[in-house]
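Remarks on the overall topology
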Amino acid sequence: MSIEQSQNQARLLAEAAIGEALVDYSRREDARAARPGPARTGSRHARAARLGLLVALPVLVAVVLVNVWRPSLLVMLAVTGSSTVIDSQVEEALRVVVDDIQSFHADYAELPDSLAELGLPTQGEWVYTKNPDGGYRLIVTLQGRVRTFDGR
C-alpha cells in the first residue's frame, strides 16, 4: 500500500467517525428536547439580582430616612432608663459643663464666648448665652429633659 492510499483511507475513516458523531449528537439533542424538564422561571443570575435588590432596598430606605430626618443614632439606639436615672444623667452632664465654664473663667478671667471654646458636649442639645451683666445662661435638652442654669 502506498502512502497516498493510506492517507485516503485515514481520511475516509476520520470522515466516517465525524459523521457518526454528528448523527449521535443529533439523536441526543432530539431525545433531550422531547424529555419534559423543570419549568424555569428565570436564570440563576436574575434570581441573584432580585435577592440583592430585596436585601439592599431596606438598607437604602434606612439611609434615606437618616439623611432626611437626621435623628440622633444614639437616641434611636439608647435604652431608656427610669425617670430618676435620666434626671441624674442630665444633672451630671449639666454639672460637667458648668464646671468647665467655671474652670475657663478661673484660667482666663472671662467667660467663654461659646461652648466651642470648651469642647462641645457629645450628647444632647446645648444653648449657651453670655449675659451683659457678666453672667451666663446654659440650657440643656437631653433625653427629653430640659434644664436651665444661670451662672455668674
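Cut-offs used in this document
Residues numbered from 1 in each chain as written. Predicted model: local features only at pLDDT ≥ 70, side-chain atom pairs only at ≥ 80, totals over all residues. Heavy atoms only, no water. Helix = DSSP H or I, 4+ residues; strand = E, 2+ residues; numbered from the N terminus. Buried < 20%, exposed > 50% of the residue type's maximum accessible area, 1.4 Å probe, protein only. Contact = heavy atoms within 4.5 Å. Expected span 1.5 Å × (residues − 1). Core = buried A, V, L, I, M, F, W, Y, C linked by side-chain atoms within 4.5 Å. Salt bridge = Lys/Arg side-chain N within 4 Å of Asp/Glu carboxyl O. Pairing = 2+ DSSP bridges. Axes fitted to C-alpha atoms, helices over the stretch in contact; angles between N-to-C directions.

For the rest of this paragraph, the subject is the overall build of the protein chain. Tallying secondary structure elements over the protein chain gives four helices and three strands in all. When the helices and strands of the protein chain are placed in sequence order, the string is α-α-α-α-β-β-β. Across the 152 residues in the protein chain, those meeting the buried criterion constitute 12%. Put simply, 33% of the contacts in the protein chain that link residues at least 6 apart link residues at least 24 apart.

Here helix H4 (residues 83-108) spans 38 Å end to end across 26 residues, near enough to the 38 Å set by a 1.5 Å rise per residue. On its buried face, H4 sits against strand S1 (125-130), strand S2 (136-142) and strand S3 (145-151). Ala 109 lies just past H4 and shows a positive phi near 60 degrees.

The biggest cluster of nonpolar side chains holds 15 residues, and the ones touching the most others in it are Ile 101, Leu 115, Trp 126, Tyr 128 and Leu 138. Breaking this core down by element, the ones donating at least two residues are H4, S1 and S2. The element best represented in this core is H4, accounting for seven residues. Those residues in contact with Trp 126, other than ones at most four positions away along the chain, are Ala 93, Leu 94, Val 97, Leu 115, Pro 121, Leu 138, Ile 139 and Val 140.

Turning next to the pattern of salt bridges. The final tally for this structure, using the stated rule, is 10 salt bridges. For Arg 95, the salt bridge goes to Glu 92, with nearest N and O atoms at 2.5 Å. Taken together, the residues Arg 95 and Glu 92, both in helix H4 and three residues apart, mark about one turn of the helix. For Glu 92, a relative accessible area of 40% translates into the label partly exposed. A salt bridge links Arg 95 to Asp 99, with the nearest nitrogen and oxygen atoms 2.7 Å apart. Highlighted residues: Arg 95 and Asp 99, both in helix H4, separated by four residues, approximately one helical turn. In this structure, a network of salt bridges that share partners links the residues Asp 87, Glu 91, Arg 145 and Arg 147.

With that settled, the discussion passes to the sheet that holds S1. Spatially, the three strands line up as an open sheet ordered S1-S2-S3, and their pairing is antiparallel. Looking at which strands have only one partner, the edges of the open sheet turn out to be S1 and S3. Ignoring which end each strand starts from, the neighbouring axes of this sheet average 10 degrees apart. In this structure, S1 lies alongside S2, joined through six bridges in antiparallel fashion. Bridge assignment links Tyr 128 to a residue of S2, and that residue is Leu 138. Each of S1, S2 and S3 touches H4; the most contacted strand, S2, lies at about 145 degrees to it.

Another point: the pairing of S2. Judged by which residues are buried, S2 turns out to be one-sided: Tyr 136, Leu 138, Val 140 and Leu 142 face inward and are buried, whereas Arg 137, Ile 139 and Thr 141, on the alternate face, are not. From the end of S1 to the start of S2, which pair antiparallel, there are five residues, and Gly 134 there has a positive phi angle of about 95 degrees. Note that S2 and S3 share seven bridges and pair antiparallel. Bridge assignment links Val 140 to a residue of S3, and that residue is Arg 147. Counted along the chain from S2 to the antiparallel partner S3, the turn is two residues long, and its residue Gln 143 has a positive phi close to 55 degrees.

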